[in-house]
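The chain contents come next:
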Amino acid sequence: MKKEIQVFDYASEIMKAVKTGVLLTTKSDDKVNSMTISWGTLGIEWGKPIFTVFVRENRFTKEQLEKNPEFTINIPMGEFNKKILGFCGTKSGHNIDKISELNLTLESPDKISVPAIKELPLTLECKVVYKQEQDRNEICEETKKVFYPQDVDSSYHGANKDFHTAYYGEIVSAYIVE
Ligand SMILES: Cc1cc2nc3c(=O)[nH]c(=O)nc-3n(C[C@H](O)[C@H](O)[C@H](O)COP(=O)(O)O)c2cc1C
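Residues numbered from 1 in each chain as written. Predicted model: local features only at pLDDT ≥ 70, side-chain atom pairs only at ≥ 80, totals over all residues. Heavy atoms only, no water.

## A short note on the pattern of salt bridges
Part 1 of the argument: Overall, the coordinates contain six salt bridges when judged by the stated rule.
Part 2 of the argument: The partner of Asp110 in a salt bridge is Lys2, and the shortest N-O contact between them spans 3.5 Å. Residue Asp110 is located in the loop between strand E7 (106-107) and strand E8 (116-117), and its partner Lys2 is located in strand E1 (residues 2-4); the two are separated by 108 residues in the primary sequence.
Part 3 of the argument: The class for Lys2 is partly exposed, based on a relative accessible area of 31%.
Part 4 of the argument: Of the charged contacts in the structure, one is a salt bridge between Glu66 and Lys131, with a shortest N-O distance of 2.7 Å. Remark: Lys131 occurs in strand E9 (residues 122-133) and Glu66 occurs in helix H2 (residues 60-67); sequence separation between them is 65 residues. (Salt bridge = Lys/Arg side-chain N within 4 Å of Asp/Glu carboxyl O. Helix = DSSP H or I, 4+ residues; strand = E, 2+ residues; numbered from the N terminus. Buried < 20%, exposed > 50% of the residue type's maximum accessible area, 1.4 Å probe, protein only.)

Structure (structure tokens):
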């Protein structure tokens, strides 16, 4: 069962959750993968509701999005197993199946090919309508020092050499899995 919602009615809940961590889920070649994100923006462009995510170069999620430019944002409501965010924020789909390791319950999507997740029920289904590799020359020095100090190799989850690509996802469906 899904309860359809007006996404901007939940703007405050969504953005408070982003601050502590939500999941960004992708699907390609039949592999579903979730990674934790705590950067993201909710807004409007071209008259469409848009959720933008920022994904570093080395993430498995980046490969998935390049193959299938759709994603769901999965937001916890009330009590949930906090281990999910830690696990999905440190393990990579490059070498592990996080969905089966955590025994997460996938729910059929409404309008895209990527599923929702019952355990994090507030769901935004998004289709990428724009993407942009962020230009390192345009990032202010202070931010560059903190987020891109170039001392952790790309193969580790704490990688900081790679820059981010912004994926703008048009929110084509929003609901709570019940
Ligand atoms: C709280 C938290 C927030 C994170 N936010 C982001 C983010 O916004 N963008 C990003 O690229 N990585 C972020 N990460 C790191 C990824 O979740 C992590 O590297 C993950 O293992 C990547 O998974 P993947 O390789 O399966 O895509 C975050 C990690 C944590 C723990």
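## Things to note about the side chain of Thr26
Part 1 of the argument: Residue position: Thr26 is located in strand E2 (residues 22-28).
Part 2 of the argument: The class of Thr26 is buried, set by a relative accessible area of 0%.
Part 3 of the argument: In this structure the side chain of Thr26 is engaged in a polar contact, spanning 3.3 Å, whose partner is the side chain of Gln64.
Part 4 of the argument: The contacts of Thr26, once residues within four sequence positions are left out, are Lys31, Val32, Asn33, Thr61, Gln64, Leu65, Glu70, Phe71 and Val114. (Polar contact = N/O pair within 3.5 Å; in protein donor to acceptor, adjacent residues only side chain to side chain. Contact = heavy atoms within 4.5 Å.)

## A short note on the pairing of strand E6 (residues 70-75)
Part 1 of the argument: Within E6, six of the six residues are buried, leaving the element largely enclosed by the surrounding structure.
Part 2 of the argument: Burial along E6 is two-sided: the residues Glu70, Thr72 and Asn74 and Phe71, Ile73 and Ile75 are all buried.
Part 3 of the argument: In terms of strand pairing, E2 meets E6 through three bridges, oriented antiparallel. Paired with Leu23 across the two strands is Asn74, which belongs to E6.
Part 4 of the argument: In this sheet, E9 lies alongside E6 in antiparallel orientation, the contact comprising six bridges. Within E9, the position partnered with Ile73 by the bridge is Leu124. (Pairing = 2+ DSSP bridges.)

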